[in-house]
Amino acid sequence: MDHVIERLAGVRPGSPLAAALAERAQIMALSQASHDAVLIPRAPGGLSHGERAALAVRMARALADEALAAHYQGLLSQAGETPELTRVAAGQAGPFAPRLGAIVRHADMLTLAPREATRGDIETLTAAGVAEADVVRLAELAAFVNYQARVIAGLRLLGGTA
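(A) Broad picture of the environment of Ala54. Tracing the backbone through its elements, the reader meets Ala54 in helix α4 (residues 49-62). On the accessibility criterion, Ala54 (0% relative accessible area) is buried. Between the C-alpha atom of Ala54 and that of Ala107, which follows or precedes it by 53 residues, the distance is 11 Å. In contact with Ala54, not counting residues within four places along its chain, are Leu76, Leu85, Val88 and Ala89.

Here it is in structure tokens:
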């Protein structure tokens with residue numbers, strides 16, 4: 001199975017790192033399943049596949065992982081890129097429709113300064129028309145992209161490809 005984390009970390013088949021990851025195959029499989037569930041769920045709710053991909057590109061770039069950003073850019077292309085989503089992915093500050101602007105600001109905060117998140121930030125999202133279930137979906141997306149970027153960075157260091 002093709003695991004995004006292993007591919008983007010540059011894990012070479014037959015390497016000691018590949019052998020170590022084979023011992024943890026369930027973790028890699030669960031990480032890939034999480035990727036699919038968070039980025040391309042069957043029922044995306046109020047966060048479209050395109051919005052999810054554009055936000056993931058933005059987060060990956062903020063985390064300085066261009067390979068991960070390119071992966072998500074591919075998902076954005078498949079989902080159907082719009083001019084507004086292109087600006088989101090490019091890291092622009094806007095202008096965005098009010099709902100999307102609130103989502104982008106929240107995603108940026110969760111990526112760059114998660115400790116600053118407060119109940120007020122969630123209230124700002126809901127006031128902008130983001131359903132509570134989509135607030136959860138957004139938090140899941142941010143958590144997963146940040147997790148994925150950190151695991152990839154660690155594996156690159158272990159594999160000597162950083």
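So, next bit.
(B) Helix α3 (residues 25-39), seen in detail. Helix length check: α3, at 15 residues, gives a terminal C-alpha distance of 21 Å against a target of 21 Å (1.5 Å per residue), a fit within 8%. Buried residues of α3: Met28, Ser31, Gln32, His35, Val38 and Leu39, and no others. The buried residues of α3 all sit within an arc of 135° when viewed along its axis, so they share a single face. Within α3, the exposed residues directed more than 90 degrees away from the buried face are Gln26 and Leu30.

(C) The arrangement of the nonpolar core in detail. Leu39, Leu55 and Tyr72 are the most contacted members of the largest nonpolar core, which has 45 residues in total. Among the elements of the structure, α1 (4-9), α2 (16-22), α3, α4, α5 (66-79), α6 (83-89), α7 (98-112) and α9 (132-159) are those that each provide at least two residues to this core. For this core, the leading source of residues is α9, giving nine residues. Not counting residues within four places of it along the chain, the set of residues in contact with Leu39 comprises His49, Arg52, Ala53, Ala56, Tyr72, Leu75, Leu141 and Phe144.

(D) How the structure looks around the packing of aromatic side chains. Within the structure shown, the criterion is met by one aromatic pair. Relative to Tyr147, the ring of Phe144 lies with its centre 5.8 Å away and its plane at 45°, an arrangement referred to as tilted. With Phe144 and Tyr147 both in helix α9 and three residues apart, the pair spans about one turn of that helix. Judged by its relative accessible area of 7%, Phe144 falls in the buried class.

Conventions and cut-offs
- Residues numbered from 1 in each chain as written.
- Predicted model: local features only at pLDDT ≥ 70, side-chain atom pairs only at ≥ 80, totals over all residues.
- Heavy atoms only, no water.
- Helix = DSSP H or I, 4+ residues; strand = E, 2+ residues; numbered from the N terminus.
- Buried < 20%, exposed > 50% of the residue type's maximum accessible area, 1.4 Å probe, protein only.
- Contact = heavy atoms within 4.5 Å.
- Expected span 1.5 Å × (residues − 1).
- Arc of directions from axis to C-beta.
- Core = buried A, V, L, I, M, F, W, Y, C linked by side-chain atoms within 4.5 Å.
- Phe/Tyr/Trp six-rings, centres within 6.5 Å; stacked < 30°, edge-to-face > 60°.

Keep in mind that these numbers describe shape and distance, not what the molecule does.
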